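Residue-level structural notes
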Amino acid sequence: MICAGVDIGSTTTKVVLLQNGEVLAAVLAPSGNLPGRTATRLYTETLAQAGLSEKDVDAVATTGYGRRLADLGDLVMTEIKACAAGVLFRQAADNPIHTVIDVGGQDTKVLALDDQGEVEDFSMNDKCAAGTGRFLEMLAHKLELSYEDFVAEALRSETTIQMNATCAVFAESEVVGLLARNVPKCDIAAAAHQAIAARISSMVRRVSQRGAYYFVGGGARNAALVRALAEQLNQQLIVPPDAQFIVALGAALGARRKLEGRVEKR
Amino acid sequence: MTAEQFDTRYAVAPRFAGDPAARQRAELVVRQQLQHLAKLTHRPGNIGWFEKQVVGPLDQRQGTPLIGYFCNTIPVEVAYALGARPVQLGCGNPALVQPGEEVLSGEICPLAKSSFATFLTADGTPRKCAAVVIPTSCDAKKKLGEIVADFRPTFMLNLPPEQNTARYLRLAVAEVERMATFLADVLGRRLRRRDLLAAIELTRHRSVLVRRLQTARAANPAALSVRDFFIIIQASFAGADLTEWLHETTRVISEVEAAGPSHTHQRTPLILTGAPIFWPNFKPLNLIEECGADVVADTLCTGAQSCFDPVVCDEHSWSALWRALAQRYIFASPCPCFISQATRLSRILDLVAEFKAEGVVNYGLRLCPLFDMEVYRLSRILKERRIPFANMRTDYSLEDTEQLRVRLEAFLETVGAGT
Amino acid sequence: MRVTQAIQPVLELAAPLNNCLLAVLVTVLLLWLRRRFPDVRWRLLAVGLVVSGFASAYHLMASEPAGARWLAALNSPLFAVYLVIIMPALYLPRGPWRQAFMVFPAAILLLAAFAVRDAYDTVPPDRRGFYWLLIRPAFLIGGVVSLLVLIQPLLSLEWFRRAVRLTCFLLLVYGGFALRQDYSDYQAMLARRPQAQAGIMNLSETWPVLQSDRRMLYLPGAPCRFTADGGYVQGCNLEMFQRFMQLDFAKVRRGDPGTIGTLSVLLGALILFLCLCFLSGRWACGWLCPLSTLGGVLDWFRRRLGLSHLKPAQPLKLTYLFSGLGLAGMGLAMAKAYPHLDAEGKFAGCKIPIYPFCKICPSQQICPVAAHGPDNYPGLPTWEWGFGFFRVATIALLAIFVLSFAMGRRLWCRLCPMGMISGLFNRGGMVRLVKDASKCNRCGVCAEVCPMDIDLVRFEMNNNDVSSFDCVLCLKCVAKCPRDGCLQLEHAGKKVVESRFPLEV
């Protein structure tokens, strides 16, 4: 049985193909300004690369901000449910996950899972940039660094300075001021990561205080952020190697579950 | 006259603004919401009458004065008994928030801002009112009273901080009596006992109809959308002739009851609680119904709860009548402006049990600390009892509609997880 | 005597149903069974077994004269009616079973009509005439209760209560002269009348309809013996307690058969009375007491005039309570002087009436007038009684009675000693007022309408049981509460009536 999950995010679109519990393909592309079209194109491309056609796919699910923009398949689910499904699939049996942190490009989500892996509570920060990947992008740009260099600099830093600004826009002006005082870029980068980690950890504490902690989304690929967040939460964070694809994987699992449910009913 | 609650030494000439752009935007919002509603498949035949009352403009009959008021803690029977019509001045138009903000502070709730904006236009409802009655149910309203006193004769009804009759019944009764004296003075009429009793009987009739409509709806939510239900209820405090309203609503009830209980798959039944949802701010209701759930009951002062309890009077002495009014409106209110939230909690839990709801959605207006802070205990108490709960904290603007949709959909997914 | 004679064997067989102990046993059994056996068929089976077992034991005991005497003292048609008509009417839910059951009260009502006809048949042909309602008590009680049960579905709770109160008033106040057992009983009543002297009110001159040598029925509340011709029942329970006090316990210790006989009759009456209280709490005060019905007329005037009522503060409530207790205590203590009264009726130089409490009770002043008009006014006690204490106390109590009912709703009932014992059974008896606090909106209507000014029902949010000593079970709170299912009256654990906001306009 082959199932597919398509995560149409605001920044990137991800497609995951799942066959009998094995990931056949996991592909990512920027969403662009027409996410629906991007998703459809990416989906067909991924299938072609895997040597499959649409008929071979038994069930498709879409998720993410643009989940209704592409008319791909049977099931539409929220990224919250998809994320939980993906995490449940991936978690080790002896170390159940109870808190999931998803730092995306334009929003950040924290999920609290119960013992069965169902979503007990969740919180989304999608109104303010200060706490999302966007914040770091903006500051990297201000420091005239590429995103990768920005992260590398942050990892290099050994001193901790404090950034005061809570708002991403004001943070930009604060960075200018720090540069003028000859604060090294690595320290600024590290401080930026600490600031965002502080906001995220505050959000986490409001939602859930149970381990184990799982970190997914684009932000999870930022080693400096992982380190800062682990420090702020004083917890170990589990980061899967394909952190950005967990939600799409969860969507595929959701499609499979629904299909199995229908088969059972018959 | 202003009941001498405000110092006339410092009266300020009211400044009227007539921002035509804001008015156009406001009308656009109303049209958009009406379009949303037009998509409903099943609407009562006479819903047009109710829409007309709620959309306006207010049809002011000659000789019938209007008394504007805020909140559901004002005994409106007094206004009816004096031959006037009470009109709720709460406004739900997001386009009117900005004009209000230009004059008042931005740090108050959108309801206060947009309601105040209606005072600023020449053909706004408040201008047509003989007087305005405002309870001290929140800080914004307290200070709004002072500002509005320069526009129309204003009466502030002082609510007790606790719903404790042993301590505060006398205060509340005195306030109700004082309000009646004020209104009688302003309108130049005498309040007679039999008129008050007749008004109480009218509003009792309204309670009967709202209860029947709510029960009929719950058996078959598809027969009447919660949005139409809210329009019907809000039409009764938009200055309509109450007798006509009773007649029209009876027709709606027969239609809904004739549809009978539903035999098709029921959508997720929810209890809605929280801050006022005034026309045309039906965003939360639109979202809930579009996401595939149904509000089967509510505790809103702009929904069924507002008309649910009748005024019950056993004796007909003046003091018994004031007490009956005060106890129903002030001491039985589930409003969070009182320090104990027990009345509201009991109501929510009772509704969940009675209507077999599968979840509770709390609607909170941003910048309202009363509803916001109650969420802390409300969410924990519902969690203890394993009742799924979602908090929708937002303001009037439509820009966060999609974010709210995701939250609601995710919530409904967890509620439906059991099925 | 045809119909009533024909069913005599059935009545004989069903005699055990009259027993107060069986009524209590069955009610308690049902309460216990409801908690353990949800299936009604098991419950009915158990009740049937218990009743037949009891009946067999009863008949065995009744075959022996001493046993028969004791059993007779514990019997009253009231309990048979309770078991056969009242309990099913309380417990049967609306439906086909209830409709089928309605045949019983209809049949009994018909039987009562026949009983009247049969009683009139005993009138000698040359004396045919109108003698009010000649009917044997068992049939009257059965007929009246059946009639009330039949009309109950047609009336709201408030109007039903008014109907019951009016019926009880007519029965208890006019029962003495208008509801005699048969023609000979009626003639005996007429024969007694010339001997009666208004003003002294000798009890021996009054002969309640339900009096027999071996049994006396005292009711909770104030059905006064001092109505026309003695009233229907023996009287209020204060009279019973005064009789206890009147006994010469020295004679009892000596084993004097006459005194012991009276004592045993009184003990039987006491058990009957306590069983009644246990089964109904203070219900008699709210629905039966003719004094309160009369006082209610004054209350009605106050309401019509639109005057507000006096809301008693706690000190006043307690004053009333202790005054009532004190007066009752004094009356009972003075009754002990009865065996030692000399020829002039004096004890230690002080003229003491044989029924001291009755002498100051407003009921003795009011009921004769209510029954037979102002000509029958007994007059105030003269100054010689108790050195004038009785005259003053009578005036004071009468004034308090009138003022309390005129200004304070049921304030008098806080003082009335006749209702106090049954009040003790409000908590712990078979009747309970129950509140579901989650449905309460704190509107306080229950406290507003309560004629006893009880606010426990309003404020209690933690416990389900909101019965209280003062509650007269008038059910006004239940009738007026706007939240469906918030307040309920429970009898033996079964909901009998609950609050419901009428959805009819």
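Because the structure is a prediction, the values reported are computed rather than measured. (Residues numbered from 1 in each chain as written. Chains lettered and ligands numbered in written order. Predicted model: local features only at pLDDT ≥ 70, side-chain atom pairs only at ≥ 80, totals over all residues. Heavy atoms only, no water.)

**Notes on the overall build of chain B**
Of regular secondary structure, chain B possesses 17 helices and 8 strands. Computed over the C-alpha atoms, the radius of gyration of chain B is 21 Å, within 12% of the 22 Å expected from 2.2 N^0.38 for a compact globule of 419 residues. On the principal axes, the C-alpha backbone points of chain B span a range of 65 × 50 × 40 Å. Here chain B holds 419 residues, and 62% of them are scored as buried. Considering only contacts in chain B between residues 6 or more positions apart, those separated by 24 or more positions represent 77%. Summed over its atoms, the accessible surface of chain B is roughly 16,700 Å², and 52% of this surface lies on carbon and sulfur atoms. Averaging the locations of the 48 positively and 45 negatively charged side chains of chain B gives two centres separated by 2 Å. (Helix = DSSP H or I, 4+ residues; strand = E, 2+ residues; numbered from the N terminus. Rg over C-alpha atoms; globule rule 2.2 N^0.38 Å. Buried < 20%, exposed > 50% of the residue type's maximum accessible area, 1.4 Å probe, protein only. Contact = heavy atoms within 4.5 Å. Areas by Shrake-Rupley, 256 points an atom, 1.4 Å probe, with all protein chains shown as cover. Lys, Arg positive; Asp, Glu negative; His and termini not counted. Charge placed at Lys NZ, Arg CZ, Asp CG, Glu CD.)

**Focus: the sheet that holds strand 8 (residues 389-394) of chain B**
All names here are of chain B. Reading across the sheet, the 4 strands line up as 6-5-7-8 and stay open at both edges, with parallel pairing between neighbours. Whereas interior strands pair on both sides, the edge strands pair on one side only; in this sheet they are strand 6 (293-298) and strand 8. Between one strand axis and the next, the sheet turns by 35° as a mean value, whatever way the strands run. Pairing of strand 7 (residues 359-365) with strand 8, which is carried by 6 bridges, proceeds in the parallel orientation. Across the sheet, Leu-365 pairs through a bridge with Thr-394, a residue of strand 8. Contacting strand 5 (268-274), strand 7 and strand 8, helix 16 (residues 369-384) runs over the sheet at an angle of about 170° to strand 8. (Pairing = 2+ DSSP bridges. Axes fitted to C-alpha atoms, helices over the stretch in contact; angles between N-to-C directions.)

**Quick look at the packing of aromatic side chains**
Residues and elements named next belong to chain C. Per the counting criterion, the structure on display carries 24 aromatic pairs over all chains. Seen in terms of ring centroids, Trp-300 and Phe-301 are 5.5 Å apart; in terms of plane orientation they differ by 70°. Their pairing is edge-to-face. Assessed through its relative accessible area of 46%, Phe-301 is described here as partly exposed. Clustering of aromatic rings is evident, with ring pairs tying together Phe-130, Trp-132, Phe-169, Tyr-174 and Phe-177. The ring centre of Tyr-91 lies 4.4 Å from the NZ or CZ of Arg-34, which sits over that ring. Positioned above the aromatic ring of Trp-385, the side-chain terminus of Lys-351 is 4.7 Å from the ring centre. (Phe/Tyr/Trp six-rings, centres within 6.5 Å; stacked < 30°, edge-to-face > 60°. Lys NZ or Arg CZ within 6 Å of the ring centre and 35° of its normal.)

**Re the interface of chain B and chain C**
Interface size is commonly expressed as the accessible surface area that is lost when the partners come together. Between chain B and chain C, the residue contacts involve 28 residues of the former and 29 residues of the latter. Interface area lost by chain B to chain C is led by B:Val312, B:Asp314 and B:Glu315, which between them contribute 23%. C:Arg303 is the salt-bridge partner of B:Asp314, the closest N and O atoms lying 3.3 Å from each other. Seen at the junction of chain B and chain C, the total is 14 residue pairs in polar contact (both at pLDDT 80 or more). At the level of secondary structure, the elements contributing two or more residues to the side of chain B that touches chain C comprise helix 8 (165-187), helix 9 (193-219), helix 13 (304-308), helix 14 (318-331) and helix 15 (342-355) of chain B. (Buried area = accessible area lost by both parts, 1.4 Å probe. Salt bridge = Lys/Arg side-chain N within 4 Å of Asp/Glu carboxyl O. Polar contact = N/O pair within 3.5 Å; in protein donor to acceptor, adjacent residues only side chain to side chain.)

**Examining a nonpolar patch on the surface**
All names here are of chain C. Together, Trp-32, Phe-37, Trp-42, Leu-45 and Leu-49 make up a nonpolar patch on the protein surface, roughly 560 Å² of accessible area in all. Sorting elements by how many residues they give to the nonpolar patch places helix 4 (residues 40-62) first, with 3 residues. Secondary-structure assignment places Leu-49 in helix 4. (Patch = residues over 30% accessible without salt bridge, like charges linked within 9 Å, V, L, I, M, F, W, Y side chains within 5 Å.)

**Some details on the side chain of A:Thr46**
Residue position: A:Thr46 is located in helix 1 (residues 35-49). A polar atom in the side chain of A:Thr46 sits 2.5 Å from the backbone oxygen of A:Leu42.

**Focus on the confidence of the model for chain C**
Chain-level pLDDT for chain C is 90 on average; 97% of the residues reach the 70-or-more range. Interface confidence in the predicted complex, given as ipTM, is 0.91; pTM for the same model is 0.90. (pLDDT = per-residue confidence, 0-100.)

**Points about helix 4 (residues 147-156) of chain A**
Residues and elements named next belong to chain A. Those residues of helix 4 that sit buried are Phe-150, Val-151, Glu-153 and Ala-154. On an axial view of helix 4, the arc spanned by its buried residues comes to 160°, and they lie on one face. The outward face of helix 4, more than 90 degrees from its buried face, is lined by the exposed residues Glu-148 and Arg-156. Lining the buried residues of helix 4 we find helix 3 (133-142), helix 6 (185-207) and helix 7 (223-233). (Arc of directions from axis to C-beta.)

**Comments concerning the pattern of salt bridges**
Throughout the structure, instances matching the rule amount to 62 salt bridges over all chains. Here B:Glu51 and B:Arg43 are joined by a salt bridge, their closest N and O atoms 2.8 Å apart. Residue class for B:Glu51 comes out buried when judged on its relative accessible area of 15%. Across the salt bridge formed by B:Asp228 and B:Arg43, the nearest N and O atoms sit 2.6 Å from each other. Here the residue B:Asp228 occupies a position in helix 10 (residues 226-236), and B:Arg43 occupies one in the loop between helix 1 (20-38) and helix 2 (47-55), the gap between them amounting to 185 residues. Three or more residues are tied together by salt bridges with common partners; here these are A:Arg67, A:Arg68, A:Glu79, A:Asp102, A:Asp107, A:Lys109 and B:Glu409.

**Considerations on the pairing of strand 9 (residues 213-216) of chain A**
Residue and element names in this part refer to chain A. Burial of the side chains of strand 9 extends over both faces: Tyr-213 and Phe-215 are buried on one face and Tyr-214 and Val-216 on the other. Looking at chain direction, strand 9 and strand 10 (residues 237-238) are connected through 2 bridges and run parallel. Bridge pairing in strand 10 links Tyr-214 to Ile-238. One crossover worth recording links strand 9 to the parallel strand 10 by way of helix 7, and it is right-handed. (Right-handed = clockwise from strand over helix to strand, strands pointing away.)

**What to know about the confidence of the model for chain B**
Mean pLDDT over chain B stands at 92; residues scoring 70 or higher make up 98%. When pLDDT is averaged over each helix and strand of chain B, the minimum, 87, is found for helix 4 (residues 97-103) of chain B and the maximum, 97, for helix 3 (residues 77-81) of chain B.

**Some points on the interface of chain A and chain B**
The interface is formed by 15 residues belonging to chain A together with 12 residues belonging to chain B. Buried surface at the junction of chain A and chain B, both sides included, amounts to about 1,200 Å², of which 51% is carbon and sulfur. Inspection of the region where chain A meets chain B yields 2 salt bridges. Residue B:Glu409 is joined to A:Arg67 by a salt bridge in which the shortest nitrogen-to-oxygen separation is 3.3 Å. For the side of chain A that touches chain B, the elements supplying multiple residues, two or more each, are helix 2 (79-90) and strand 8 (119-125) of chain A.

**Points about helix 17 (residues 314-335) of chain C**
Structural remark: α-helix, 3.6 residues per turn; residues separated by three or four positions point the same way. Residue and element names in this part refer to chain C. Here helix 17 spans 32 Å end to end across 22 residues, near enough to the 32 Å set by a 1.5 Å rise per residue. For helix 17, every residue scored as buried is listed here: Lys-317, Tyr-320, Gly-324, Leu-327, Ala-328, Gly-331, Leu-332, Met-334 and Ala-335. Close packing links the buried residues of helix 17 with helix 12 (237-246), helix 18 (356-360), helix 20 (389-407) and helix 21 (420-424). (Expected span 1.5 Å × (residues − 1).)

**With respect to the sheet that holds strand 1 (residues 2-8) of chain A**
Residues and elements named next belong to chain A. The mixed open sheet is built from 5 strands, whose spatial order is 3-2-1-4-5. Strands at the two margins of the open sheet, each flanked by one partner only, are strand 3 (22-30) and strand 5 (75-76). Looking at chain direction, strand 1 and strand 4 (residues 59-63) are connected through 5 bridges and run parallel. Pairing of Ala-4 across the sheet is with Val-60, part of strand 4. In the packing of helix 1 onto the sheet, contacts are made with strand 1, strand 2 (12-19), strand 3 and strand 4, and the angle to strand 2 comes to roughly 35°.

**Remarks on the nonpolar core**
Membership of the largest hydrophobic core comes to 141 residues, with the highest contact counts inside it found for C:Met240, C:Trp412, C:Met418 and C:Leu433. With sequence-adjacent residues up to four places away left out, C:Met240 is seen in contact with C:Tyr218, C:Leu266, C:Ala269, C:Leu270 and C:Phe273. (Core = buried A, V, L, I, M, F, W, Y, C linked by side-chain atoms within 4.5 Å.)

**Details of unusual backbone geometry**
With an omega dihedral of 0°, the bond running from A:Gly211 to A:Ala212 counts as a cis peptide bond. Structurally, A:Ala212 can be placed in the loop between helix 6 and strand 9. In this chain, B:Trp279 is followed by B:Pro280 through a cis amide linkage whose omega measures -5°. A positive phi is found at A:Asn234, a non-glycine position, where the angle reads about 60°. Here A:Asn234 shows up in the loop between helix 7 and strand 10. Taking the relative accessible area as the measure of exposure, A:Asn234 reaches 67% and is therefore exposed. Of note in the backbone geometry, B:Cys71 takes a positive phi value of approximately 70° without being a glycine. Along the chain, the position of B:Cys71 falls in the loop between strand 1 (66-69) and helix 3. A residue is classified by how much of its surface remains accessible, and B:Cys71, at 18% relative accessible area, is buried.

**Some points on the environment of A:Asp74**
Tracing the chain through its elements places A:Asp74 in the loop between strand 4 and strand 5. Here the alpha-carbon distance between A:Asp74 and A:Ala255, two residues 181 residues apart in the chain, equals 7.6 Å.

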